[in-house]
Each structure stands twice: as structure tokens, then as C-alpha cells.
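# Structure assessment
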Amino acid sequence: MRRHRPVTVFSATPHPDVWARYPGRVIGLGGMGLLVSAAMWLALTWATAGISPDMVPWYVVRAAGLVAYVLLWISVTLGLWISGGWTPRANAQLVALHEFASLVALSMTFLHVITLRADAYLQPSWIQIWVPLAMTTYRPLAVAAGQIGFYLMVAVVLSFYVRRWIGARVWRGLHAITFLLYGLVLVHAVAAGTESATPVWQGIYLVTGGSVLVLTYLRLAIGRSGRGRTR
Ligand code: HEM
């Protein structure tokens, strides 16, 4: 019987085996990058139509925050499907997509946060931006939820790359904080954001937050199926 060499999914450099084995994935990931760029471009075009230049950073802050949130949600739901073993096969591709989504989410969050410095209305200092509760001039608790969420996001994303050294158990423990970080980011987006006053974004937050709750419940209640395991 033909035997397949197991695919190395976690390594210090992001999955060299997987890249070589699944060239089709490049198209998928490239498409996702294009999608994100298109979303940013659309948001900027929409945002800059007829507004004064000093408001542009505010729109970029918001567009980047919204894209980061959606990508974080995609990554969290994919992670739940993968860890539950509910995927039919080809788990390596989903794992790669899961990691890629979280990396782009982190980059978008970075843009969200850095651009905030140029916000003409809030004019926050770097201390106010990076230190939880330091932004006393604008919804400090809601902003602190985002700040803590950001630090947890950095820890979880970095853990992909150091799994070999920290071991599977510590890595899983670290990964479990994803639920806390997702919850914090959702609270942050709803309580600090301008868009949460619109029915469209209220619907998006409801559907995305609800789906993570349901999947987490299923993951805990049903546990893990034997299919599609990678770890
Ligand atoms: C250092 C960390 C962070 C800071 C200082 C920060 C700051 C802010 C501020 C001041 C707002 C209000 C913008 C407005 O509508 O006027 C905001 C909104 C938002 N943030 Fe953050 N944020 C941080 C982290 C994050 C993270 C980690 C995410 C997602 C992954 C995120 C996603 C969002 C979203 C979706 C909104 C709502 C945008 C809107 O409704 O227009 N933020 N953030």
C-alpha cells in the first residue's frame, strides 16, 4: 500500500512542505490578499469622496479596523473547524489559510493603530495609543479592550512560529486565549466604533459573534471528530 509522508504543518518557517505540495493555495491566498486590498481601496475611495483631507486618517483607522475584525473572525472560525476535526480533508490548506488570515488581520490592526496617531479629532499621543486606559479622552474602557486584544493577538500570531520550541502543550494553552482576544476585540469594535450605530454593522457583529459562540459550544459539546486531524 502506498504510504504518504506526513505534512509538517507547524515549523519555524511557515510550512515549507505545504507550500510545495499545494500550489493551488497560492491562488487562494493571493486572491485573499487582493480581496483585502480591494476592500481597503473601496473604503478609501468611498471615504475620501467629498471629505476634508484631515478626516482621511480617521476613515483609514476605521476601514483598517473593520477589515482586521472580519479577518480575525475568519481566522477564529477556521481555527474552530480545524481543531474540531470537522473538515473533510485537505486540512493543511485550511491551516495555512487560518494562519494567513490572522497575519493579515494583525497587519491591518497595525495600520489601524498607527494611523490613529494622525487622527485630527482625537490627536492621541503614542502613550495613549499603546497603554491600556491611557486614552482618557475617548471611551477609555472600550479602547483598552482593543489594546489588550492587540497584545494578545501579537502573542497568538507569534506562537505559530515558535511552536517547535515552546511545545504543543504551551502552544495550545496560548492558543486558547484566542477566545478572550476575540471577545475583547468584539466589545472594542461595538463600544468604540462609529459603524456599530449602523444596522449593517450591527448585523455583522451579531452574525459573526453569534457564529463564534455556536461553534465554540459545538466544539466543547461534541468535542473533536477523528477526521482531518493535523495535530
Ligand atoms: C492598540 C490597540 C487599539 C487601539 C488604540 C484602537 C483604537 C480604536 C479607536 C480609537 C476606535 C474608534 C474609531 C472611531 O470609530 O472613531 C477603534 C475602532 C475600531 N477598532 Fe480599534 N483599536 C485597537 C485595536 C483593535 C484591534 C486589535 C482590532 C481588530 C482586530 C480593532 C478593530 C476596530 C474596529 C472594527 C473598530 C470600529 C470601527 C468603526 O466602527 O468605524 N481595534 N479602535
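### Re the packing of helix H3 (residues 56-84) against helix H9 (residues 199-222)
- In the contact formed by H3 and H9, the axes pass within 10 Å of each other and the chain directions differ by 15 degrees. The angle between the axes of H3 and H9 places the two elements in the roughly parallel class. Crossing geometry of H3 relative to H9 is assigned as left-handed. Of H9, the residues touching H3 (which contributes Trp73, Val76, Thr77, Leu80, Ser83 and Gly84) are Thr208, Ser211, Val212, Leu215, Thr216 and Arg219.
- Of the residues assigned to the contact of H3 with H9, the class counts are five nonpolar, six polar and one charged.

### Things to note about the nonpolar core
- Counting 29 residues, the largest nonpolar core has Ala68, Leu71 and Leu72 as its most contacted members.
- Elements represented by at least two residues in this core include exactly H3, helix H4 (91-116), helix H6 (140-161) and helix H8 (168-192).
- The element contributing the most residues to this core is H3, with 13 residues.
- Dropping the residues within four chain positions of it, Ala68 is found in contact with Ala105, Met108, Thr109 and His112.

### Concerning the site of the ligand
- Not every one of the 28 residues close to the ligand is listed here, only the nearest: Arg62, Gly65, Gly146, Gly193 and Glu195.
- Elements represented by at least two residues in the shell around the ligand include exactly H3, H4, H6 and H8.
- With seven residues, the single largest contributor to the shell around the ligand is H3.
- Within the shell around the ligand, the residues separate by chemical class into 16 nonpolar, 10 polar and two charged.

Cut-off values and rules
- Residues numbered from 1 in each chain as written.
- Predicted model: local features only at pLDDT ≥ 70, side-chain atom pairs only at ≥ 80, totals over all residues.
- Axes fitted to C-alpha atoms, helices over the stretch in contact; angles between N-to-C directions.
- Helix = DSSP H or I, 4+ residues; strand = E, 2+ residues; numbered from the N terminus.
- Parallel < 35°, antiparallel > 145°, perpendicular 65-115°, else oblique.
- Left-handed = near helix turned anticlockwise from the far one by under 90°.
- Contact = placed C-beta atoms within 7 Å.
- Nonpolar A, V, L, I, M, F, W, Y, C, P; charged D, E, K, R; others polar.
- Core = buried A, V, L, I, M, F, W, Y, C linked by C-beta atoms within 7 Å.
- Buried ≥ 20, exposed ≤ 12 C-beta atoms within 10 Å, placed from the backbone.
- Near = placed C-beta within 6 Å.

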